[in-house]
Amino acid sequence: MSVLPIVERELRVASRRPGTYWVRLALALVGLTIAALIFFITLGMPASLMGRTIFEWLAGLLLLYGLAYGRRSTADCLSQERREGTLGLLFLTDLKGHDVVLGKLVASSLNGFYGLLAVFPILALPMLLGGITNAELWRMVLVLVNTFLFSLAVGMLGSALARDFKQAMAANFLLLLLFVGGPPACMGLVENFTPARLVIPQLLLPCPPYAFYLCSDVHYQAAPTQFWGSVGLTLGLSGLLIWLASLIVPRSWQDHAAAPAPKRRWRQFWRAWNYGSPAGQGPFRARLLDVNAFYWLAARARRKPVHVWTFMGCLAGWWCIGWLASGRLWLDPVVAVLTALLLNGALKVWVTIEAGQQLAEDKATGGLELLLSTSLTPQGIVHGQWLALRRQFLKPLLVTLALEIFLLEVWILPSRDVLPGPAWVAGMAMLVADLVALAWVGMSRALLARSHNNATIGTLLRLLVLPWLGFGAVLAGGQTWVWLTRGGDWNPSWQFRLALWAGLGLAADLVFSLLAWRQLHYRFRQSALRRFDFPHVRAVLPARPAEQPRQASPRPAPAGSLRRWVFHPARLLSGGLALLVIASLFLWLRPSSHDPPPLLVSLTHTNGPMRVFAGIGGALFILPDGSLWRWGLAGGPERAAVPCQLGTNRDWVEAVAAPSHTLARQADGTLWECGVRFGGGGLRQVGTNHDWAAIAGSRSHSVALRRDGTLWAWGENFMGQLGIPAAALPGGSATVAVAGWPRPAATFVPEPIQLGTNEDWAAVFATWSGTLALRTDGSAWAWGSVYLFATRTASPLRLPAPTQICLETNWAGVAPGVFPMLLSRSGDLWDLFYGAPGPGVPINAVGRLDASNVSPGRVAYAYTGQPRLFVLRNDGSLWEKAFAYGGLPITVSDPSWHRVGKRTDWVALWSGGATAFGLTADDTLWTWGVDEGKEPSPDLATRLKDIQRQFQGMLGSARGATPFRGGAAVPAVQKQPRPLLRLDGP
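Residues numbered from 1 in each chain as written. Predicted model: local features only at pLDDT ≥ 70, side-chain atom pairs only at ≥ 80, totals over all residues. Heavy atoms only, no water.

**Comments concerning the overall build of the chain**
What counts is decided by this rule: By definition, any uninterrupted DSSP run of H or I lasting at least four residues is a helix, any uninterrupted run of E lasting at least two residues is a strand, and each is numbered from the N terminus. Here, two residues are considered to be in contact whenever any of their heavy atoms come within 4.5 Å of each other.
Each helix and strand counted, the chain has 28 helices and 31 strands in total. Taking as baseline every contact in the chain between residues at least 6 positions apart, the subset at least 24 positions apart corresponds to 62%.

**Looking at the pairing of strand 10 (residues 692-697)**
How we decide: With a 1.4 Å probe rolled over the protein chains alone, any residue whose accessible area is under 20% of its type maximum counts as buried; one over 50% counts as exposed, and the rest are partly exposed. At least two bridges found by DSSP between two strands is the condition for calling them paired.
In terms of burial, strand 10 is a largely internal element, five of the six residues being buried. Strand direction decides the pairing type here: strand 10 and strand 11 (residues 701-706), joined by five bridges, are antiparallel. Considered in strand 11, the bridge of Ala694 is made with Leu705. Where strand 10 folds back onto strand 11 in an antiparallel hairpin, the turn is made up of three residues.

**Digging into the sheet that holds strand 23 (residues 848-851)**
Counted only if it meets this: Only the stretch in contact is used when a helix axis is fitted, and all axes are lines through C-alpha atoms; the angle between N-to-C directions ranges over 0 to 180 degrees.
Overall, antiparallel pairing links the four strands, which are arranged 20-21-22-23 in an open sheet. Edge positions in the sheet fall to strand 20 (811-815) and strand 23, since each has one partner strand and no second. Neighbouring strand axes in the sheet, compared pairwise and without regard to direction, differ in orientation by 35° on average. When strand 22 (residues 829-831) meets strand 23, the two strands line up antiparallel, connected through three bridges. Looking at strand 23, one finds that Leu829 is bridged to Ala851.

**Focus: the pattern of salt bridges**
Our working rule: What counts as a salt bridge is simple: a side-chain nitrogen of Lys or Arg found within 4 Å of a carboxyl oxygen of Asp or Glu.
By the definition in use, this model includes 19 salt bridges. Measuring nitrogen to oxygen at the nearest pair gives 2.4 Å for the salt bridge that ties Arg139 to Asp217. Within this pair, whereas Arg139 is found in helix 7 (residues 134-161), its partner Asp217 is found in helix 11 (residues 217-222), the two being separated by 78 residues in sequence. Residue classification places Arg139 among the buried positions, given a relative accessible area of 9%.

**A few points about the side chain of Asn146**
Within the element layout of this structure, Asn146 appears in helix 7. When residues no more than four places from it in sequence are discounted, the contact partners of Asn146 are Val231, Thr234, Leu235 and Ser238.

**Here's the deal with the packing of helix 17 (residues 333-365) against helix 20 (residues 421-448)**
Test applied: Oblique is the label for every angle not falling under 35 degrees (roughly parallel), over 145 degrees (roughly antiparallel), or within 65 to 115 degrees (roughly perpendicular). Helix crossings get a hand from a simple test, with the near helix turned counterclockwise from the far one by less than a right angle marking a left-handed crossing and a clockwise turn marking a right-handed one. Only Asp, Glu, Lys and Arg are considered charged in this grouping, and only Ala, Val, Leu, Ile, Met, Phe, Trp, Tyr, Cys and Pro are considered nonpolar; every other residue, Gly among them, is considered polar.
Where helix 17 contacts helix 20, the axes come no closer than 7 Å and their chain directions differ by 15°. In terms of orientation, helix 17 and helix 20 fall into the roughly parallel class. Classified by chirality, the crossing of helix 20 by helix 17 is right-handed. In terms of residue class, the contact of helix 17 with helix 20 is made up of 18 nonpolar, five polar and three charged.

**What to know about the sheet that holds strand 27 (residues 898-900)**
Sheet architecture is open: four strands sit in the order 24-25-26-27, paired in antiparallel fashion. Because the sheet does not close on itself, it has two edges, and the strands there are strand 24 (859-863) and strand 27. Neighbour-to-neighbour, the strand axes of the sheet open up by a mean angle of 35°, direction not taken into account. Examined bridge by bridge, strand 25 (residues 867-872) and strand 26 (residues 878-882) share five bridges and lie antiparallel to one another. The residue of strand 26 that forms the bridge with Arg868 is Ala882.

**Here's the deal with a nonpolar patch on the surface**
Rule in force here: Each patch is built from residues that are more than 30% exposed by relative accessible area and take part in no salt bridge. Like charges join if they lie within 9 Å; nonpolar side chains (Val, Leu, Ile, Met, Phe, Trp, Tyr) join within 5 Å. To measure how exposed things are, a 1.4 Å probe is used in the Shrake-Rupley method; for residues, cover is taken only from the protein chains shown.
There is a patch of nonpolar side chains on the surface, built from Leu461, Val465, Leu466 and Leu469 and spanning about 340 Å² of accessible area. Tracing the sequence through the fold places Leu466 in helix 21 (residues 452-485). On the basis of relative accessibility, which here comes to 41%, the residue Leu466 falls in the partly exposed class.

**Details of the environment of Arg303**
Examined against the element boundaries, Arg303 turns out to sit in the loop between helix 15 (293-298) and helix 16 (304-326). Residues Arg303 and Gln392, 89 residues apart in the sequence, show an inter-C-alpha distance of 8.8 Å.

**Here's the deal with helix 19 (residues 378-412)**
Rules: The length a helix should cover is 1.5 Å for every residue beyond the first. Here the bend at a residue means the angle between the axes of two seven-residue stretches, the one that ends at it and the one that starts at it.
Its 35 residues give helix 19 an end-to-end C-alpha distance of only 45 Å, which falls more than 12% under 51 Å, the value for a rise of 1.5 Å per residue. Helix geometry: helix 19 is bent most strongly at Phe393, by close to 45°, with proline Pro396 lying one to four residues after it.

**Details of the packing of helix 3 (residues 47-74) against helix 7**
For the pair helix 3 and helix 7, interaxial distance at closest approach is 6 Å and the crossing angle is 20°. Taken together, helix 3 and helix 7 sit at an angle that is classed as roughly parallel. Our pair here, helix 3 against helix 7, has a crossing hand that is right-handed. Across the contact of helix 3 with helix 7, the residue classes break down as 13 nonpolar, eight polar and three charged.

**Quick look at unusual backbone geometry**
Backbone geometry at Asn853 places phi at a positive 55°, although glycine is not the residue there. Position of Asn853 among the secondary structure elements: in the loop between strand 23 and strand 24. For Asn853, a relative accessible area of 71% gives the class exposed. The backbone of Asp923 sits at a positive phi, close to 60°, despite the residue not being glycine. A relative accessible area of 35% means that Asp923 is categorised as partly exposed.

**Thoughts on the side chain of Gln519**
In this fold, Gln519 is placed in helix 22 (residues 494-522). Apart from residues no more than four positions distant in its own chain, Gln519 is found in contact with Ser444, Leu448, Phe524 and Ser527.

**Some details on the confidence of the model for the chain**
Selection rule: The pLDDT value expresses, per residue, how confident the predictor is, ranging between 0 and 100.
Here the chain averages 78 in pLDDT, while 76% of its residues score no lower than 70. The low-confidence segment residues 532-563, where pLDDT is below 50, has 29 contacts with residues more than four positions distant or belonging to other chains. When the criterion is pLDDT under 50, residues 736-741 qualifies, and its contacts beyond four places in sequence or with other chains add up to 12 contacts.

**Some words on the packing of aromatic side chains**
For any pair of aromatic rings, the description consists of the separation of the ring centres together with the inter-plane angle of the planes. Counted only if it meets this: Pairing of aromatic side chains requires ring centres within 6.5 Å, counting the rings of Phe and Tyr and the six-membered ring of Trp. Pairs whose planes differ by under 30 degrees are stacked, by over 60 edge-to-face, and all others tilted. We call a charge positioned above a ring when the Lys NZ or Arg CZ atom is no farther than 6 Å from the ring centre and deviates by at most 35 degrees from the ring normal.
The final tally for this structure, using the stated rule, is 18 aromatic pairs. Their ring planes at 85° and their centres at 5.5 Å tell us that Tyr220 and Phe227 sit as a pair that is edge-to-face. Judged by relative accessible area, which is 18%, Tyr220 ranks as buried. Ring centres of Trp386 and Trp440 lie 5.4 Å apart, and the angle between their planes is 65°; this geometry places the pair in the edge-to-face category. Of this pair, Trp386 sits in helix 19 while Trp440 is found in helix 20, placing the two residues 54 residues apart along the sequence. Relative accessible area serves as the criterion here: at 25%, Trp386 is assigned to the partly exposed category. Taking the relative accessible area as the measure of exposure, Trp440 reaches 16% and is therefore buried. What links up through ring pairs into an aromatic cluster is the set Phe870, Trp906, Trp926 and Trp928. For Arg706, the ring lying beneath its charged end belongs to Trp692, and the centroid distance is 5.4 Å. Above the plane of the ring of Trp879 lies Arg873, whose end atom (NZ or CZ) is 3.8 Å from the centre.

**Topic: the environment of Lys304**
Assignment of secondary structure puts Lys304 in helix 16. Along the sequence, Lys304 and Gln392 sit 88 residues apart, while their C-alpha atoms lie 6.2 Å from each other. Among all residues touching Lys304, those that are not within four sequence positions of it are Ala298, Glu354 and Gln392.

Structure, rendered in structure tokens:
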């Protein structure tokens, strides 16, 4: 014979139910989704901090789940049996009280407990990130199971004590509040009202959240006895509550003798208070019955409106006490917002409960079938319920709206920093819309749900919880989408948030209200008889005029159940609305162009052509009037999204947009420099010479050519980019200050120093850590660090002294960019360093021919998603082809030239770094390639790869390896030319 026969039976029955398995799978998926969401939100934090955050959030949600699900699942399990009269049948056998209690406890909590166990493996995932220890995990599992059992015991005792559902829910809520909220309140009172502010942590031992707080290693090591004491005491209380329920159940189902006179008088008082005196009940009910029969049934408790007014009076008393105690501090807009939230929330929940209570009770007792056998129509029943709700809540609703209008005028509108006025008005409108929808859906769910409790919860989830979930999903999805595609944060305006919240709320109200209205008007009888599930009974019932006659049909075959479920009108409508919302969101969040309009510059005079000096990070422009302008990071520490002028001088003739500093040359031959290498600040003159002819610069060094053909260099020399041996540098072992930091003089030269004694230099160009220059005889020279592409990967090649690049001496210029390109006098463009340079090496062994028939100032290259070379032809058209920077491997399906746009008025091209610029005949400057006016941010593919590498790095750090620190940001790319600056003037 089994020791616990009901428990064994319930376990066998549950093993045959598919829901037993689907519930745990669903909860595991929900837990995994929450963990993944927290992971993406905290991406970029240290691995241990991410693991700790995921663990704490999941554990906190599971604690709330255990406290809520336990008491809800057992709240009505025994009291329902008492109401239906079946509890006494169990005790006609040899079953004991503990058999019934434990059997009901297992039957009610099995799915919830299995779901809790299914989430525990997900709770252990943060251990892989190093955020928690093994001991913390098992302490948390123990606390969560203990809390779940405690919540079950509280609900079981409440259900054993009460007969009515509302009494059972109130009893177990008060018991839970006693143990969860009572100990902290007692400790707070002791602390506040004792002179020494005495703290007694032992008062918190019966509180399950206290053990949850002590689970972490830091808190546990400080008070291990407190943790085990709390766990043990909570477990003991659970056993005590279940034992008390086992003692009460065998006696609670029996009929008892009449209560003593004081108790009877107390009950009579409450009945007279709720229903009125016997003398006054008759006229009141007669008036209701003359209006509507169901109105008489639902509103016969004539004091129901008084309950609402009592709640509002208590709220007013709380408000007045707070005002008297706090003075003017209480007259704060935050208090007004809290007051409105309390009023609106209470009214919504109260209307939901009252809307379906009478219908659910009549359906459970069979009274609804009796009503439908009379002349009372379904429309009459619905109308009567609406009249009862109007009598109970209409006047309190009007007072609430009037009060909220008063709060809006007095506190909200004068204080704009707390809540915008439109948001307050939208909340008032949503209050009315939600109350109407809650009433309709509450009545409909009362006919469809198993119990009034399920109907209330289902209604609140559909109309109040679901819109907020959609609101959070939209904001989280938008943030994730923007973060993946653009980088940074998505901060929509409060107008967008308000429109989204109101739109989702009104959409939910409209959709579910229409479905409920259809259910109540056309399927009322079928829903009322649903618990019997007798098709022949529904077939013989006469159809009322307002109902569509329906032909009885046999139960559908299982093969078509999926099709019927999918094509249900309600699900089709909800699915269509969801698709519409998603499509609208994608249109709202799609990456769109936010380029600023071209800057219009008015010129008063011109003394030269438009000149562009592009570099890595930005560009400098010298306009025809001689003014100097910057864009991007060139010329200043802050990024310029649109071109802005540097200073007021109008005699500039040349500039260099180096990544860390700016060089500029004036018409009088003076040279000026500024940048972070010099501690910031404005332009400073380099030397006192007035014969500078050409300038170049990189991130680390500067090079300048004088009119006498001599070449001068200064800056960093750690890679030999100055072309001067360390022994020939002045200063020896002395140090110099660079932006406040000491630097050896052998690796940094603060002032220009001549490179050799040659006086035949013709042009100069600076690479990353090297220098490229031309002599008057047409030869090309390089020194410093250059990238050698002899293999498929670039490797640095150090040239400590000027070295001739190749045998040929017909070079006319240098095309600037990320990597240097030589332009011959015949118009051939060569990409360099496929082989080691040398004076006897032919150019085809050192470089690669990329274009022919090219003129100076008519070639550029840029990165527009892939490297591309651009050439300006004689007819003014712009052409492009795929290109590989420095010979880096790239797949090109069609390397031929393609025309860019249809314009035929291009007059000049420039490039630097990965950005190209072009000037058209209408004096408009265009840019494409890497957009240095925008902050770099990873694109979607890069973000996903970065997440993958970071996650792999975190797993590696859990095994002792060095974690991945994240990839670099991807610059914004402009694929087509866009206008950047337009000249207006002579």
